Amino acid sequence: MARKRNASARVPDWRERISVDPRVCHGKPCIKGTRIMVSIILDYLKAGESAEEIGRQYPTLKRGDVQAAVGYAAWLAHEEDEHPLHTEVTV
């Protein structure tokens, strides 16, 4: 039987790089110290852009910020499993 790892045992890297502040970008998750929303980074990735290209478009991004955005999205997907927010399952 596979053991479920304890995700709360360590703080994920994204928590060091992502912030939510109601005074910045209407409280949307952003890269700390910027107004670059996580959703923007994810949109670029969805469109097929590389992390390097995103970094060229947003030179204030630091190494690892794009990966932190992906980590945050993964965390949200797991949270949705635990506490359904507003997604609807259709068949």
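Everything quoted here is computed from the prediction, not taken from an experiment. (Residues numbered from 1 in each chain as written. Predicted model: local features only at pLDDT ≥ 70, side-chain atom pairs only at ≥ 80, totals over all residues. Heavy atoms only, no water.)

### Structural notes on the overall build of the protein chain
Regarding its fold elements, the protein chain presents four helices and two strands. Going residue by residue from the N terminus, the α and β elements of the protein chain occur as α-β-β-α-α-α. The long-range fraction of contacts in the protein chain, counting pairs at least 24 apart against all pairs at least 6 apart in sequence, stands at 38%. Accessible surface, the protein chain: about 7,400 Å² in total, of which carbon and sulfur atoms supply 54%. (Helix = DSSP H or I, 4+ residues; strand = E, 2+ residues; numbered from the N terminus. Contact = heavy atoms within 4.5 Å. Areas by Shrake-Rupley, 256 points an atom, 1.4 Å probe, with all protein chains shown as cover.)

### A word on the packing of aromatic side chains
For the coordinates displayed, the defined rule picks out four aromatic pairs. Taking the centre distance of 5.0 Å and the plane angle of 75° together, the rings of Trp14 and Tyr72 count as edge-to-face. With Trp14 in helix H1 (residues 14-17) and Tyr72 in helix H4 (residues 65-82), the pair connects residues that are 58 residues apart, well separated along the chain. The same class applies to Trp14 and to Tyr72, which are both buried. Centre to centre, the rings of Trp14 and Trp75 are 5.0 Å apart; their planes meet at 45°, and the pair counts as tilted. On the criterion of sequence distance, the pair formed by Trp14 in helix H1 and Trp75 in helix H4 is long-range, its members being 61 residues apart. For Trp14, a relative accessible area of 10% puts it in the buried group. Overall, the relative accessible area of 28% leaves Trp75 in the partly exposed class. Through a chain of ring-to-ring contacts, three or more aromatic side chains come together here, namely Trp14, Tyr72 and Trp75. (Phe/Tyr/Trp six-rings, centres within 6.5 Å; stacked < 30°, edge-to-face > 60°. Buried < 20%, exposed > 50% of the residue type's maximum accessible area, 1.4 Å probe, protein only.)

### Some thoughts on the confidence of the model for the protein chain
In low-pLDDT regions, the fine details of the predicted coordinates are not to be read closely. Chain-level pLDDT for the protein chain is 84 on average; 74% of the residues reach the 70-or-more range. Mean pLDDT across the elements of the protein chain bottoms out in H4 (87) and peaks in helix H2 (residues 38-46) (98). (pLDDT = per-residue confidence, 0-100.)

### Overview of the pattern of salt bridges
Following the criterion strictly, the structure yields four salt bridges and no others. A salt bridge links Asp13 to Arg17; the shortest N-O distance between them is 3.4 Å. Judged by its relative accessible area of 22%, Arg17 is partly exposed. In this structure, Arg23 engages Asp21 in a salt bridge whose closest nitrogen and oxygen atoms are separated by 3.0 Å. (Salt bridge = Lys/Arg side-chain N within 4 Å of Asp/Glu carboxyl O.)

### So, the nonpolar core
Of all hydrophobic cores here, the largest spans 12 residues; its members are Trp14, Ile18, Ile31, Ile36, Val38, Ile41, Ile54, Leu61, Val66, Ala68, Ala69 and Tyr72. Where this core is concerned, the elements lending two or more residues are H2 and H4. Tallying contributions element by element places H4 first for this core, with four residues. (Core = buried A, V, L, I, M, F, W, Y, C linked by side-chain atoms within 4.5 Å.)

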